[in-house]
Every structure is written in structure tokens, then in C-alpha cells.
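Coordinate inspection notes
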Amino acid sequence: MSKSVKVKLNCPAPVQEFDSITIGHGGGGKLTQNLLKSGVFSLLNNEWLREQGDAAVIQLNGKIAFSTDTFVVSPLLFPGGTIGDLAVNGTVNDLAVSGARPLYLSLSFILEEGLEMTLFYQILQSIRDACVEAGVEVVTGDTKVVEKGKGDQIFINTTGIGETHPKANMGMNRIKGSDAILLSGPVARHGITIMSKRNGLEFETKLNSDTRPLHRICLELMDKFGSKIHLMRDPTRGGVATVLNEIAEQTGLGINLIEKELPVEDEVAGACEMLGLDPLYVANEGLFVAIVDAEIAEECLDLLQKWEHGSSAAIIGEVTEDHPNKVVLHSSIGGRRVLAQASGELLPRIC
Amino acid sequence: MKYLSEFRDEEIVRTLLGKIRKCVMKPWNIMEVCGGQTHGLVRHGLLQMLPEQVRMIHGPGCPVCVTPISLIDKAVELALEHNVILCSYGDMLRVPGSTISLQQARAMGGDIRILYSPLEAVSIARQNPEREVVFFAVGFETTAPPNALSVEQAYREKLSNYSILSSHVLVPPAMEAIMSDSETKVDGFLAAGHVCTVTGLSEYVPLVEKWKMPIVVTGFEPVDLLEGIYMVVSQLESGEYRLENQYRRVVKIDGNQRAVHLVNSVFEYRDREWRGIGEIPMSGLFLAQKYSDYDATLKFGPLKERSYEDSGCLSGDVMKGKIKPHECPNFGDGCTPVNPLGAPMVSNEGACAAYYNYVAQDSKE
């Protein structure tokens, strides 16, 4: 079982002439150069960045997976991570659940004038640490600065490419009735952590975000089970309910979800009750759903449960030819209901 | 004791369902007053588990649903035209006003903030002395004490930039109005557990006596709801009517007297319009004279006489139990949670949204 590498390098923030980001830092001149050289390049140091070409030239083999995502989370720092961790792990995981080994990232910032330099460096360091942990290199990027009031401190875009596993053969068209649905860990942890720190909603919790790279465990599943894994997805925004609804809608099949089997931590369940939220719709980060051939479901679960973050992994339901296009939740008390698509922003209710 | 899993126990649920089935002979219409109870019934799939003689009617106890459209329009106006920091509970944001919702007003640049506690709004007022801060004080007897506390605290601190847009409504007058409607088909009530936690039980005694019908104060978890239903059905089948308290672990006979006293000192009782239902006598809480400086409608101008509402929404009939949500001609086609025509399709606790999300899609099979 491969263990992820935990590296924390604490370099002091390099001395800059400014305490905060100014419009000049995005102008392309000396200020931009200083910011890049002393910050981005020195922290993320590699042959491509040292080259400072207009494009990074890289060698790849086989089928390539390619994904992009933009990160605008507020607050920027939260228990268990930063927007920087999310920016790396988010794209890494989109590649991972596509059956690919993530290799290279692009990294682009939109900075708001006035962003504190120390905060920017703190985020950069978390990006570096996340890259080291995931084993990926940032090979190209961009920095723009917008006027105060035109952004929200920092927005980050990452695009990633990776080589797909030779045994990977996944897609909606591979899913069939009787497939088992596995979940790699407890739901809703990231979303509830973020919400607990959001202005106006603060509540005390010991929860940490579950942001982490998933490719090692995903590739291990590929190695062992190959094409018996029919689909993997990371249920970020919209949560597990949204992923399952997309599957039901796109395949025209139905899904039975067993509430009793859903791993929900007590603290998350309590916070959801208080806020009037259903954990199935709350965002996750270091979590994935796997739709697998029923014959390997138990073996697959065994492997997942041996993973360092997989102790509460579970088989949470099955694909069925009954009730096409619908996700039906079998409640823990023996009732059933349709699990609908989320309708937009999650809004905590009044009482 | 975790106060959650033991009230979602499959064995106990099965036992209670067995008791209800054994006891019920005739068809009965039981109204759960509170939207939280409606949500509980549909979320756990309880409606389909009940015997068909037990017909649940989903009452008007969703604060978001009954807040008059004129107040939503006023909140939008405050945010966009008076440049106030408008603070609100989350689920008010999507409710359609006569032109736009607060969510749309936020997209147009209104400074609208979602809070969990009105005391947070007071601290925003303290931190922003140059800005006016208005809290959209919506809710039943449950949110009245914290909202009263926010006004009382602002008064004590002499904060002049804090006010509330009050849309407080009360449960017992609504139950009285429902029973007075000649088309009403309600045989018994599950009263709202959390409301009674604040007010106690005394206000419900006259209702039981006048209408000769059972009222059972009930909680929100599956075991609570089924026990409450069983207690109502048992009374109905034996021709009895009395007030009972299923939610004894939380609700005390006298309620929370400190909270009641606070509410009575900050607010006074007046007639209030309920969206979709109309005016109900003495059913609203309005700021008392002493606290009138904290009334946003006095500070920024009164509500418009009557805001325009002609969406085809039949929410009143739904909340009075005359029709089921999916019997409305707009349900699911013209009216969905993404594009709601009326408030009950917005909130999690609204009967239409609950049906749309959990029940009717199933029954359309």
C-alpha cells in the first residue's frame, strides 16, 4: 500500500518592497519579475520555470487526461488547508478519478490589489507543499492584478495533464444495472468546515477539510481491477447527491442509495441538523465515488478500507434498471424518497 | 444519548407504525403545523409508510412561505435604494418578491449578508457605525426571542444604526384561522414542538376546547412524528379531544418564561397579513413603542400598500390543506425550486419544495 508523502518546508517569506499586492505587480515589468523570481519561481523551482519560456515543453506517453478548474473559495485559509491546497488537489483529483497519473499543472492567479504579501506567500507555500505531496510540477502560469473591489483577494486557476493508466476504461456508457456504488470516506466534511468559518455562520467545530490528492489510491484500484471499475467521480460542489443524479440522468439507469450505509461523522451530522442541510448535497474534497462491477465490490471495498484515509469507506448503493433517471434513497427507518438535483446555492434555513 | 440516532431507530419506527395501523379505523385528516415537521415526514419517507386512512395536511408553519411579498419588496428596496447592510436568514434569499428576490438584489450589488444569529447583525452595526444595518427578522415564536434580544441589546448600547424589518407571526392565531375556514378538513393537529418550547402549552387549551379536537405537541424526528400521529389517531378513534405533549424531553408546560417575557417586552401583538392566506387577527409581532427607533419601516418608510402578486401560485390553498402541492396546475412545470412562483416552493420547509424534492417525482412514476 503506497503512503502519501508528507512534506512541510517552512521557508521564510522572501523580503519584498511592498507589504501588499499593487497594480504594478501585474504590469509585466520589474515588479512582476521580482514577485515571480523571489516568490513563485523560487518556491516551485523546476527546469521548466527556470527556462522562463513562453510555453513549457513536456514529454508525454499514451492517452492524456486534461482538466481545468478555478478556485474562488472564501475564507482563503481554513482548518486543514488553504485555497492553494484546493487549487492543486482539485485539479489533481479531477485527473485521478479519470484514471490518470497527474504530472504537470499550470497555475494562474488573479490577485486583487491590496492582498497582503504574507498571505500570498502563505498560499504559495501551501501550493508548493501540495505539489510535493501529489508529485506534480507547476510548469507554466500567469499572474494578473485587478483593482481593489474588482476581485476577492485571490482567485486561482489550475489546469493539469496526466497520463492515463493503461487499464483505465471508464465512462458513463460502461455503467450497467447491478453495478455497486462505493464511497471512499465520510461525506460533507469539507463543506461543513468551510461553512463553520464563513462570516455570519461561525460555529465551533474540530473538523478539518479533507482536501488531499487521490491519485495513488485511484491508480491502485486501476492496477488491481482495471476495466471492472466503470466510473469514478469526485463529488465536490453539489456533493454526492449531484454526482449520483448526473449518473442517473446520463445513463438512463436508476440508483438505489442506502442511507444506513452512508458514512457521516457525528460532528458533520450535528452541524447539518443545526443548519438544516442535507450532507449529501454538501461539498467534499478528498473523497470519491466509484461505480464498479458488482463481482469486485467487496474486494474493492477491502482495498479502499486499507487506504490510510479509507477506514470508513462503504458500499452505499447500487445501480438498477428500476426507476430510470432517478436516485432513490432508502431511509434508515425503512422509508424511501427521491434524492433530487440540488437547486442552487445551499442556504441554511431559519429554524 | 445523542438525541438523534435513537429517534431514527428502525425498530421503534416499525413498532409505532404497527400501533397506528392497529388503532386507525376511519380516515382522518391531521395537520402538522410546522414546516420542519413537513420536512421530516418527507425526508425520511414517512408519508408513504403511513396507512392510507391517515392523511397528513401540511400547514402554514413555514416562516419563509408566509412572509408577505410587501416585506420582501421592502427588503430589496432597503438593500438597493437605501444602501443598507441587509442581514437575513439564508432561506429568505430565494423567495420571489413582486419583481426580484433578495438573491437577485445581491447580484445587482446589494450588500446582503446571510447570518445565523441576529446578534451577529448587531455586531456588524457596531463595527460599521457609518452604515445602516437592517436585520430581516422573520419567523415564528422560535426566532422571536433572539430577534427581540438583538433589539434590546442595540437599545442598551444606544446603537442608532441598527433596525429590524419584522415579519414575526404566531402559530395559535393561524390554527384558529384554519379551523374557522368552513372548507377546512382538519380533524386534529400536531403542534410545533419548538414553538411550544418557547411559549409553553397554555395557548393551545382554548383551541382544543373550542374546536373539540386533539392537539399533540410533537417533535421533528421520525419517532417523534409517528408517536405524535399515534396520539392524535388514538384520541380521534376513541372520540376524545385533549392537549397532549409528545415532545416532553424538550417542551415544558410553562415554556421558557424568560424568553416569553423578553418577547412581550420588545414586541406587541397586532393583525398581520400572511402571504397566500390573508390577514389573521392578532397574529403578528410588531416592535413596541419603546423600541420604535429600531423599526426599519418607520426609519426608511412604510411598506407599499399592497405589492403586486399574480403568479398563479395557489400556496394559500396548499397551506390551508385544501389541495396537495402536486395538485396545483403549476407544480413541477411552471413552478420549480429553481424558478418558484411562490414561497412554498423555495424553502426546504415549504410543502411544495418538500413534495417536489422528495415525494411527487416518486409518485409520477
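Rules behind the numbers
Residues numbered from 1 in each chain as written. Chains lettered and ligands numbered in written order. Predicted model: local features only at pLDDT ≥ 70, side-chain atom pairs only at ≥ 80, totals over all residues. Helix = DSSP H or I, 4+ residues; strand = E, 2+ residues; numbered from the N terminus. Buried ≥ 20, exposed ≤ 12 C-beta atoms within 10 Å, placed from the backbone. Contact = placed C-beta atoms within 7 Å. Domains from an automatic or database assignment. Nonpolar A, V, L, I, M, F, W, Y, C, P; charged D, E, K, R; others polar. Pairing = 2+ DSSP bridges. Axes fitted to C-alpha atoms, helices over the stretch in contact; angles between N-to-C directions. Right-handed = clockwise from strand over helix to strand, strands pointing away. Parallel < 35°, antiparallel > 145°, perpendicular 65-115°, else oblique. Left-handed = near helix turned anticlockwise from the far one by under 90°.

**Structural notes on the overall build of chain B**
From N to C terminus, chain B includes 15 helices and 11 strands. Across its three principal axes, chain B shows a C-alpha extent of roughly 65 × 45 × 40 Å. When each of the 365 residues of chain B is scored for burial, the buried share is 55%. Across chain B, contacts joining residues at least 24 apart in sequence account for 78% of those joining residues at least 6 apart.

**Some details on the domain arrangement of chain A**
Accessible area lost when the parts come together is the quantity often used to give the size of an interface. Residue and element names in this part refer to chain A. What the domain assignment reports for chain A is domain 1 (23-164) and domain 2 (172-338). Taken residue by residue, the interface counts 21 residues in domain 1 and 21 residues in domain 2. Mapped by element, the contributors of at least two residues to the side of domain 1 that touches domain 2 are helix H3 (83-96), strand S4 (100-112) and helix H4 (117-134). Element by element, the count of residues in the side of domain 1 that touches domain 2 is highest for H3, at 9 residues.

**Section: the domain arrangement of chain B**
All names here are of chain B. What the domain assignment reports for chain B is domain 1 (5-62 + 181-245) and domain 2 (65-170 + 255-299). The centre of domain 1, based on its C-alpha atoms, is set 31 Å off from the matching centre of domain 2. Taken together, the contacts link 10 residues of domain 1 with 12 residues of domain 2. At the level of secondary structure, the elements contributing two or more residues to the side of domain 1 that touches domain 2 comprise strand S2 (54-61) and helix H9 (193-199). No other element matches the 6 residues that H9 contributes to the side of domain 1 that touches domain 2. The residue inventory of the side of domain 1 that touches domain 2, partitioned by class, reads 5 nonpolar, 5 polar and no charged.

**Digging into the sheet that holds strand S6 (residues 154-164) of chain A**
Residues and elements named next belong to chain A. Strand order across the open sheet formed by 4 strands is S1-S6-S4-S5, with mixed pairing between neighbours. The open sheet terminates on both sides in strands that have one partner only, identified here as strand S1 (64-71) and strand S5 (137-146). Along the sheet, successive strands turn relative to each other by an average axial angle of 15°, direction set aside. Of the strand pairs in this sheet, S4 and S6 are connected by 11 bridges, and their pairing is antiparallel.

**Looking at the pairing of strand S5 (residues 133-139) of chain B**
Residues and elements named next belong to chain B. Counted residue by residue, S5 has 7 buried out of 7 residues, so it is predominantly covered. Here S5 shows no split at all, with Val133, Phe135, Ala137 and Gly139 on one side and Val134, Phe136 and Val138 on the other all buried. In the sheet, strand S3 (residues 85-88) pairs with S5 via 4 bridges, with the strands oriented parallel. Considered in S5, the bridge of cysteine 87 is made with phenylalanine 135. Following the backbone out of S5, through helix H7 (residues 144-156) and into the adjacent parallel strand S6 (residues 162-169), one traces a crossover that is right-handed.

**Digging into helix H5 (residues 189-197) of chain A**
Residue and element names in this part refer to chain A. With respect to burial, H5 is a largely interior element, 7 of its 9 residues being buried. Among the residues of H5, Arg189, His190, Gly191, Ile192, Thr193, Ile194 and Met195 are the ones counted as buried. Buried residues along H5 sit in contact with strand S2 (77-78) and helix H8 (266-275).

**Details of the packing of H5 of chain A against H8 of chain A**
Residues and elements named next belong to chain A. Direction vectors running N to C along H5 and H8 enclose 55°, while the axes themselves pass 10 Å from each other. In this view, H5 runs oblique relative to H8, as classed from their interaxial angle. Crossing hand, H5 versus H8: left-handed. Contacts between H5 and H8 involve Arg189, Ile192, Met195 and Ser196 from the first element and Val268, Ala271, Cys272 and Leu275 from the second. For the contact of H5 with H8, the class distribution of residues is 6 nonpolar, 1 polar and 1 charged.

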